[in-house]
Amino acid sequence: MLAITGWTAVHRPGTDVAPRTAALAAWAGAQAGGHPVPPADAPVRTVARFFANLDAGERARLADTHPLVVGNLNGVPAALRYRANRVALAQAQDVEEHRAKDVRLTPAARTDAGRRGHRFASMLAGDRQILAFDPTGGGLAAEVFGDLDHARRISVIVPGVDTDLRTFERTARRWSAPVGMAQSLYAAERAAAPALPTAVVAWADYTTPAGMGVDAATGRLAVEGAARLEAFTSALPARAGTALICHSYGSVVCGVAAAKLPARVTDIVVAGSPGTRAENVTGLHTAARVWAMRDPGDWIADVPHLEVGGVGHGADPMSGDFGARRLSAAGAGSHTGYFAPGTEAVQNLARVGTGTYGSVVCLPGDDSCRDGISGTDEG
C-alpha cells in the first residue's frame with residue numbers, strides 16, 4: 001500500500017515528477033541487510049555481490065518496495081527482476097485505470113490512459129518474464145522467453161523506430177513488434193537446436209526515434225541506446241554465447257555499441273539496416289562475427305547509405321565492400337517481415353542465434369557467409 005501510495009503521489013495529473021525519478025530518489029536512502037543499497041548506476045559486479053549477500057526475505061522486500069529500481073537494475077537476479085516488474089506493472093495499471101476515469105483529463109488523455117492500462121494488464125497476464133519496465137513517457141520494457149539463467153545461447157533483439165510500451169506487442173502482424181519477434185525467433189531456435197538451452201530477449205529498453213524524422217537520421221539516440229545495450233549485455237550470464245539481432249535503427253545502436261560489447265557477444269546480425277555508423281566491419285572494432293540480411297522488397301535499400309555532418313548512418317552493410325557475412329532473407333517480403341514464422345529469414349536468424357552456423361543459408365550468389373566457420377558453436 002505504501003508503495004502504491006508513493007507511486008500515485010508522484011504521478012498525479014499535472015505533476016512533472018516521473019515515477020522512475022521518484023523511485024531513484026527513494027532508493028538512494030534505502031538499506032538492506034544492515035547496509036546501504038548500491039547506487040542505481042553501480043557496476044554489475046557490485047550489484048550482483050550485494051544481492052547475493054542478502055537472504056530471500058531481504059531480496060523480496062527490496063523488490064516489493066522499490067520495484068522500478070530493482071526491476072531495471074543490471075546485476076539483480078532475473079527471477080527477482082521478474083517479481084519486481086510484476087509489482088511495478090500492477091501499480092502502473094492501477095494508476096492508468098484511475099486516469100482513464102479522471103474527468104479532469106481531456107478525452108484524448110483518458111483514452112491514452114486506457115490503452116496504457118490495457119497494455120500493462122497484458123504484460124501481467126500469465127507467467128510472462130518482464131526483465132525491464134519503466135512507464136516514464138512512452139515507456140521502456142524487456143521480456144525474456146526461455147530460461148535466461150541456464151541458457152547456453154542468448155539472443156537479444158534490438159528493435160528500431162517507433163518502439164515503446166504501446167508498440168511492444170501487437171495483435172495483427174505480431175512478429176513486427178518486439179514481443180512477437182522474440183516469440184517467433186524463440187520457436188525457430190527451438191526447432192534449429194532442440195537440445196540446446198536457449199533464451200531470447202525482446203529488448204525495447206532504449207528510447208527509439210519517433211517516425212522517420214531527424215532522430216532517425218542521426219546517431220544521438222543510438223549513442224544513448226548503445227550505452228544501455230553495453231550495460232545490459234555485460235550483465236548476462238558469462239557462460240552463454242550471445243547474439244544481437246538488430247533490426248532497422250536497432251542496427252545503428254548495435255553498430256555504435258560494437259566496440260565496447262563484452263566478449264560473450266559472439267555474433268551481431270543487422271536486418272533491414274540503414275547503416276551501422278561504420279564504413280566496414282573493421283570499423284566496428286569488434287571480435288564478434290557480423291552478419292547482414294535484407295529482403296529485396298525492403299524499402300530501406302533506397303535510403304542513402306552515407307554519413308555527412310552527423311546525418312546518415314554510413315555504408316550499406318549489404319554491400320560487398322562492407323565485409324559482413326550476408327544471409328538470405330527469403331520470405332521476409334518487407335521491412336517488418338524478418339521474423340515472420342516459417343520464413344528462411346527467421347530460420348537464418350535462429351541458426352546464428354543457436355550457433356548452428358553450418359546450416360545458415362547465404363545470400364544467393366554469395367556463398368562466403370560460412371567461410372572460416374562450420375558446424376555448431378554453442379558458445
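Residue numbers here run from 1 along each chain, matching the order of that chain's written sequence. Where local features are concerned, this predicted model is filtered to residues with pLDDT of at least 70; where side-chain atom pairs are given and counted, the filter is 80 or more; whole-chain, interface and lining totals use all residues. Where side-chain values are given, they derive from all heavy atoms of the structure, hydrogens and water being excluded.

## Structural notes on the overall build of the protein chain
Then, in step 1: Counting from the N terminus, the helices are the DSSP runs of H or I reaching at least four residues and the strands are the DSSP runs of E reaching at least two. Looking only at helices and strands, the protein chain features 12 helices and 10 strands.
Then, in step 2: Atoms considered for the radius of gyration are the C-alpha atoms alone. The globule rule reads 2.2 Å times the number of residues to the power 0.38. For the protein chain, whose C-alpha radius of gyration is 21 Å, the value lies close to the compact-globule estimate of 21 Å for 379 residues.
Then, in step 3: Taking the principal axes of the C-alpha coordinates as reference, the protein chain spans close to 65 × 50 × 40 Å.
Then, in step 4: Think of it in three bands: with a 1.4 Å probe and only protein chains considered, a residue is buried below 20% of the maximum accessible area for its type, exposed above 50%, and partly exposed in between. Across the 379 residues in the protein chain, those meeting the buried criterion constitute 54%.
Then, in step 5: For this analysis, residues touch if any pair of their heavy atoms sits within 4.5 Å. Nonlocal contacts in the protein chain, meaning residues at least 24 apart in sequence, comprise 67% of its contacts between residues at least 6 apart.
Then, in step 6: Looking at the protein chain as shown, the accessible area adds up to about 15800 Å², and 55% of this sits on carbon and sulfur atoms. Accessible surface area values rest on a Shrake-Rupley calculation with a 1.4 Å probe, where residue burial reflects the displayed protein chains alone.

## Considerations on helix α12 (residues 344–354)
Because each turn of an α-helix spans 3.6 residues, side chains separated by three or four positions in sequence point in the same direction.
Then, in step 1: Counting buried residues along α12, 9 of its 11 residues qualify, which places the element largely inside the surrounding structure.
Then, in step 2: Among all positions of α12, only Ala345, Val346, Asn348, Leu349, Ala350, Arg351, Val352, Gly353 and Thr354 are buried.
Then, in step 3: Once α12 finishes, Gly355 follows within two positions and takes phi at roughly 75°, a positive value.

## Let's talk about the state of the cysteines
Then, in step 1: By definition, disulfides here are pairs of cysteine sulfur atoms that lie within 2.5 Å. Evaluation of the coordinates by the stated rule reveals 2 disulfides.
Then, in step 2: The disulfide partner of Cys246 is Cys254, and the S-S distance across this bridge is 2.1 Å. Measuring the twist about the S-S bond at about -90°, one finds the Cys246-Cys254 disulfide to be left-handed.
Then, in step 3: One disulfide in the model links Cys362 with Cys369; its S-S distance is 2.0 Å.

## Some details on the sheet that holds strand β4 (residues 140–146)
Then, in step 1: The strand order across the open sheet formed by 8 strands is β3-β4-β6-β5-β7-β8-β9-β10, and the pairing between neighbours is mixed. Where the open sheet ends on each side, the last strands, each with one partner, are β3 (129–134) and β10 (325–326).
Then, in step 2: Pairing of β3 with β4, which is carried by 5 bridges, proceeds in the antiparallel orientation. By the bridge assignment, Asp134 is partnered in β4 with Leu140.
Then, in step 3: Angular values range over 0 to 180 degrees, each being the angle between N-to-C directions of two axes fitted as lines to C-alpha atoms, with helices fitted over their stretch in contact. Along the sheet face, helix α8 (residues 178–192) touches β4, β5 (153–158), β6 (198–204) and β7 (241–247) and points at about 165° away from the line of β6. Here, a strand pair is defined by DSSP locating no fewer than two bridges between the strands.

## As for the nonpolar core
Then, in step 1: As used here, the term nonpolar core means buried Ala, Val, Leu, Ile, Met, Phe, Trp, Tyr and Cys residues forming a set that is joined through side-chain atoms within 4.5 Å. By size, the foremost hydrophobic cluster in this structure holds 62 residues, and its most contacted members are Phe51, Leu62, Val70, Phe133, Leu185, Trp291 and Phe339.
Then, in step 2: Element by element, the count of residues in this core is highest for α8, at 6 residues.
Then, in step 3: Not counting chain neighbours up to four residues away, the residues in contact with Leu185 comprise Ser155, Ile157, Val200, Ile245, Phe339, Val346, Leu349 and Ala350.
Then, in step 4: Residues Ala240, Leu244, Ala288 and Ala324 belong to the second largest nonpolar core, which totals 43 residues.

## As for the pairing of β4
Then, in step 1: For β4, a buried count of 7 out of 7 residues is recorded, marking the element as mostly surrounded by other parts of the structure.
Then, in step 2: In textbook terms, the turn of a hairpin is the stretch between consecutive antiparallel strands, and for β3 and β4 this stretch comprises 5 residues, one of which, Gly137, has a positive phi near 60°.
Then, in step 3: Of the pairings in the sheet, the one linking β4 to β6 comprises 6 bridges and is antiparallel in character. Bridge pairing in β6 places Glu143 opposite Ala202.

## As for α8
Then, in step 1: To estimate the expected span of a helix, count its residues, drop one, and scale the result by 1.5 Å. Across its 15 residues, α8 extends 21 Å between first and last C-alpha, which sits within 8% of the 21 Å expected from 1.5 Å per residue.
Then, in step 2: Contacts made by the buried residues of α8 are with β4, β5, β6, β7 and α12.

## Considering the packing of helix α10 (residues 220–234) against helix α11 (residues 249–257)
Then, in step 1: Put simply, α10 and α11 touch, their axes get as near as 8 Å, and they point 65° apart. Once α10 is placed against α11, the crossing between them reads as right-handed. Packed against α10, whose contacting residues are Arg220, Leu221, Ala222, Val223, Gly225, Ala226, Leu229 and Glu230, the element α11 presents Tyr249, Val252, Val253, Cys254, Val256 and Ala257 at the interface.
Then, in step 2: For this classification, the nonpolar set comprises Ala, Val, Leu, Ile, Met, Phe, Trp, Tyr, Cys and Pro, the charged set comprises Asp, Glu, Lys and Arg, and every other residue, Gly included, is treated as polar. Split by residue class, the contact of α10 with α11 holds 11 nonpolar, 1 polar and 2 charged. Throughout, a crossing is termed right-handed when the near helix is turned clockwise from the far one, and left-handed when it is turned anticlockwise from it by less than a right angle.

## Remarks on the packing of helix α6 (residues 78–100) against helix α7 (residues 107–124)
Then, in step 1: Put simply, α6 and α7 touch, their axes get as near as 8 Å, and they point 155° apart. Between α6 and α7, the angle is such that the two are roughly antiparallel. Crossing of α6 against α7: the hand is left-handed. Between α6, through Arg86, Leu89, Ala90, Ala92, Gln93, Glu96, Arg99 and Ala100, and α7, the contact on the second element is made entirely by Arg110, Ala113, Gly114, Arg116, Gly117, Phe120, Ala121, Met123 and Leu124.
Then, in step 2: Taken together, the residues that form the contact of α6 with α7 break down as 9 nonpolar, 3 polar and 5 charged. For classification, angles of less than 35 degrees are called roughly parallel, those exceeding 145 degrees roughly antiparallel, those between 65 and 115 degrees roughly perpendicular, and all remaining angles oblique.

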